[in-house]
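# Coordinates in review
Spelled out, the chains give:
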Amino acid sequence: MRDINALDDEDKRRAFRFDIDYSIGDHVIRAGIDNQKFTSVAAGASTYSGGMYWRYVTSTNGTVNGVANAVAPGKSYVRRRLILSTSGAFEVENNAMYIEDTWKVNKNLMAYGGLRSESFDNRNGDGVSFVKKDNLLAPRLGFSLNAKGDGSLKIYGNLGRYYIPVASNTNIRMTRGELFEHRFYSFASKDPRTQAPVGLGPEIGSAQIIGDGKLANPATIADRKLSPMNQDELILGFQQALTKDWTFGMKGISRRINSGMDDYCSHIGFENWAKDKGYANFDSSTMAQCILLNSSKDVTLMIDVNNDGKLVESTMPAKYLGLSKYTRTHNALEFTLERPFDGKWGVQGSYTLAKTRGSAEGYVNSVINQEDAGVSQDFDFGSLTDGSNGYLSNDRRHTIKVFGNYMINDQLRLGMNAVASSGRPYSCIGFVPASRLDFSDAVGYTTASSYYCLNEKGQSVLVPRGTAGRTPWSARVDMQLSYMPKVGDGKLTLSMDIFNLLNSQQVQEVVERRDYSRDTVDQGKRNPDYGLPSSFQPPRSVRFTARYEF
């Protein structure tokens, strides 16, 4: 149910770029500026058409929301979910300056060096910055060597640092007000027309407040010493001519995340820190619902430590967070064999051996199919990071690719693209057990999203990410036939693309949730669909396109 007074939702991008090249002797100097401004308008709304969502649940043992004997065993109760958000226009401004030098050291060696300065500014709906970082330096180096002097062997390498801006979705989710609560009741009957509960009893247990709906002070939302997400990349390789027409290549790729950030939505660590510091009047409800931070670093925030309305810059050691370190590494070795297109035909093939590990994919979470960029559940509280360091969802050990073109005649061209890859890892997902110290945070999450899951004995155990199994190998062949007659002064291209020519229907994803529900964890009830296919390759499809070049 949308806010009727809000503007239309939209995402707008404005960009400006200026580059200049200057040659002096054996050097080509290039410099430039790059400015991008994103504006996202998001209307506030209630998630549900009637304003709230009622869910009926049967309690096998009479326990409801942690309260024993709240209803008779085998009887039903109702949970009311209320989700509301406020409207706003949120801005992100990214600015960069760079300079690079391409130096021809001699006739066989080319060297590259550059430096890029990045600045990010993320603002709330009132235009006030909550994350602002200036002059983040990203150096880059590279070389290309004609090893034998005849062009038959090329050796090359690149080393660079790359910053990843804070996603605009983070502005929307972290700075607007969001009310998200669960309340539990007994009931007398159901309305025969709407099926809404009739005759609600007293509320059972304490309300589960995931978000209180208040607008957060921008100074309290993000670590004041936040390190923006960045990664280093190293590439080393060579390309060797085998014959006049064929070349062989090999390159190694290594990427490592240096600093990752995500939202943290627990106040338990801050409460323990305040107690140890002697802040007897501290009330964690005065803090923002969630905080943007680096998981393994100390957190510096403006905090009302004395509960007197005065914000004081305070630093809490990382040990109070209870979070695992944000990590991600990708290492790959790629082999290529190529026959460049000579006007008649050309083909290129590759084999890649790769390994991708870490505690986070990045801005999304494929394990639970969460696409909430920048504010995934990964680091919401400590126990969600237990067992999180493992094989990531996009880790495919082997990938084989072949693509090429063949000119049947001057006007007909046949193209082919084939990919075969080993399966992706999957996990065993369930609910955080009551034995964990931050269970009071976890109990508000009704969707299974931790690496604790029920084993065959019905016991909640920790199963590290990506170790429950792998999907099978999959392959896909795409074909294209193009007709390219000369029409007038231009060229017409009529193409037919057939995707998944062989109509392969291999499994792409499986159900990773092992626990049946939050309320049945104590009973050891497992999800009967665990491990069954949930996604397959898209079926064969055909696309026709027309293009005229003039």
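A few points on the structure. (Residues numbered from 1 in each chain as written. Predicted model: local features only at pLDDT ≥ 70, side-chain atom pairs only at ≥ 80, totals over all residues. Heavy atoms only, no water.)

### Structural notes on the environment of Ser450
What counts here: Only DSSP runs of H or I reaching four residues or more are called helices, and only runs of E reaching two or more are called strands; each is numbered from the N terminus. Any pair of residues with heavy atoms lying within 4.5 Å of one another is described as a contacting pair. Definition of a polar contact: a pair of N or O atoms within 3.5 Å, with one able to donate and the other able to accept a hydrogen when the atoms are protein atoms, and with sequence-neighbouring residues admitted only if both atoms are side-chain atoms.
Looking at the element boundaries, Ser450 is found in the loop between helix H3 (439-442) and strand E25 (452-454). Taking the C-alpha atoms as reference, Ser450 lies 8.4 Å from Ser388; in sequence the two are 62 residues apart. Residue contacts for Ser450: discarding those within four places in its chain leaves Leu384, Cys428, Ile429, Gly430, Phe431 and Val432. Among the polar contacts listed, one links the side chain of Ser450 to the backbone nitrogen of Tyr452, at a separation of 3.2 Å.

### Things to note about the sheet that holds strand E3 (residues 53-58)
Heads up, the rule is: By definition, two strands form a pair when at least two bridges between them are found by DSSP. Angles here are taken between N-to-C directions and fall from 0 to 180 degrees, while the axes themselves are lines fitted to C-alpha atoms, restricted in helices to the stretch in contact.
Taken in spatial order, the 4 strands make up an open sheet running E3-E4-E9-E12, and their pairing is antiparallel. Every interior strand has two partners, whereas the edge strands, E3 and strand E12 (208-212), have only one. Across the sheet, the mean angle from the axis of one strand to that of its neighbour is 20 degrees, orientation sign disregarded. Where strand E4 (residues 76-85) meets strand E9 (residues 178-185), 8 bridges bridge the pair, whose relative direction is antiparallel. Bridge pairing links Arg79 to Phe184 in E9.

### Some words on the packing of aromatic side chains
To be explicit about the condition: Ring pairs shown here join Phe, Tyr and Trp side chains whose ring centres sit within 6.5 Å, with only the six-membered ring taken for Trp; geometry is labelled stacked below 30 degrees between planes, edge-to-face above 60, and tilted in between. Any residue under 20% of the maximum accessible area for its type is buried, any over 50% is exposed, and the rest in between are partly exposed; the area is computed with a 1.4 Å probe on protein chains only.
The tally for this structure, following the rule as stated, stands at 12 aromatic pairs. Between Tyr77 and Phe184, the aromatic rings sit 6.3 Å apart at their centres with planes inclined by 50 degrees, giving tilted as the arrangement. Here Tyr77, found in strand E4, pairs with Phe184, found in strand E9; they are 107 residues apart in sequence, far enough to count as distant. Given a relative accessible area of 1%, Tyr77 falls into the buried group. Each ring, one from Phe238 and one from Phe248, has its centre 6.1 Å from the other, and the planes form 55 degrees; the classification is tilted.

### Description of the pairing of strand E14 (residues 247-259)
Each regular strand shows side chains that alternate between the opposite faces of the sheet. Of the pairings in the sheet, the one linking strand E13 (residues 230-241) to E14 comprises 12 bridges and is antiparallel in character. Residue pairing across strands places Gly237 opposite Lys251, the latter belonging to E14. Hairpin connection from E13 to E14: 5 residues lie between these consecutive antiparallel strands. Here 10 bridges tie E14 to strand E19 (residues 328-339), and the two strands are oriented antiparallel to one another. Across the sheet, the residue bridging to Arg256 is Thr329, located in E19.

### Notes on empty space enclosed by the protein
To be explicit about the condition: The way it works is a 1 Å grid over only the protein atoms, where trapped points that fit a 1.4 Å probe form a cavity and open points with protein on both sides within 12 Å along at least five of seven lines form a pocket, and then any residue with an atom within 4 Å of a point lines it. Grid points are joined across faces, edges and corners, and a volume is the space filled by probe spheres set on the points.
Scanning the entire structure with this criterion turns up 3 cavities of 30 Å³ or more. In this structure, the largest cavity encloses a volume near 80 Å³. Forming the boundary of the largest cavity are Ser359, Asn365, Val367, Ile368, Gln377, Asp378, Leu384, Ser388, Ile429, Ser449, Tyr451 and Arg465.

### Side note on the state of the cysteines
Threshold: We call a pair of cysteine sulfur atoms a disulfide when they lie within 2.5 Å.
As enumerated under the stated definition, the model contains 2 disulfides in all. Note on cysteine connectivity: Cys265 is disulfide-linked to Cys290, with sulfurs 1.9 Å apart. Taking the sign of the S-S torsion, about 110 degrees here, the bridge from Cys265 to Cys290 comes out right-handed. Taken together, the residues span a long stretch of sequence, with Cys265 in the loop between strand E15 (262-264) and helix H2 (268-277) and Cys290 in the loop between H2 and strand E16 (291-293) at a distance of 25 residues. The disulfide partner of Cys428 is Cys453, and the S-S distance across this bridge is 2.0 Å. Across the S-S bond of Cys428 and Cys453 the torsion is about 110 degrees, and the bridge reads as right-handed. Of this pair, Cys428 sits in the loop between strand E24 (425-426) and H3 while Cys453 is found in strand E25, placing the two residues 25 residues apart along the sequence. Take Cys428: its relative accessible area is 2%, and that puts it in the buried class.

### Let's talk about the pattern of salt bridges
Applied cut-off: Counted as salt bridges are all cases of a side-chain nitrogen of Lys or Arg within 4 Å of a carboxyl oxygen of Asp or Glu.
What the rule picks out here adds up to 29 salt bridges. For the salt bridge of Arg183 with Glu203, the shortest nitrogen-to-oxygen distance reads 3.1 Å. With Arg183 in strand E9 and Glu203 in the loop between strand E11 (197-198) and E12, the pair connects residues that are 20 residues apart, well separated along the chain. Residue Arg183 is classed as partly exposed on the basis of its relative accessible area of 21%. Using a relative accessible area of 32% as the deciding quantity, one classes Glu203 as partly exposed.

### Describing the environment of Ser23
Along the chain, Ser23 falls in strand E1 (residues 10-24). Overall, the relative accessible area of 54% leaves Ser23 in the exposed class. Measuring from C-alpha to C-alpha, the distance between Ser23 and Thr102 comes to 9.4 Å, with 79 residues separating the pair along the chain.

### Comments concerning the side chain of Ser284
Along the polypeptide, Ser284 turns up in the loop between H2 and E16. Classification of Ser284 by relative accessible area gives buried; the value is 10%. At a separation of 2.6 Å, a polar atom in the side chain of Ser284 contacts the side chain of Glu271. What Ser284 contacts, discounting residues up to four positions off in sequence, is His267 and Glu271.

### Things to note about the layout of surface pockets
One way to see where empty space is left: roll a probe the size of a water molecule over the atoms. Short version of the rule: Side-chain classes are defined by residue name, with Ala, Val, Leu, Ile, Met, Phe, Trp, Tyr, Cys and Pro counting as nonpolar, Asp, Glu, Lys and Arg as charged, and the others, Gly among them, as polar.
Its volume calculated, the second largest pocket comes out at about 860 Å³. Lining of the second largest pocket is provided by 37 residues; of these, Ser517, Arg518, Asp519, Thr520 and Val521 occupy positions nearest its centre. Contributing elements (two or more residues each) for the lining of the second largest pocket: E3 and E4. For the lining of the second largest pocket, the element with the highest residue contribution is E3, accounting for 3 residues. Grouping the amino acids of the lining of the second largest pocket by side-chain chemistry returns 14 nonpolar, 16 polar and 7 charged.

### Topic: helix H1 (residues 168-175)
For H1, the complete set of buried residues consists of Thr170, Asn171, Ile172, Met174 and Thr175. Contacts from the buried residues of H1 go to strand E2 (27-42), strand E5 (88-106), strand E6 (109-123), strand E7 (129-146), E15 and E16.

### Comments concerning the pairing of E7
Pairing between E6 and E7: 14 bridges, direction antiparallel. Along E7, the bridge assignment pairs Glu118 with Leu136. Linkage of E6 to E7, two consecutive antiparallel strands, is achieved through a turn of 5 residues, within which Gly127 is found at a positive phi near 80 degrees. Judged from the 7 bridges that link them, E7 and strand E8 (residues 153-163) form a sheet pairing that is antiparallel. Each bridged residue has a counterpart across the sheet, and for Leu145 the counterpart in E8 is Ile155.

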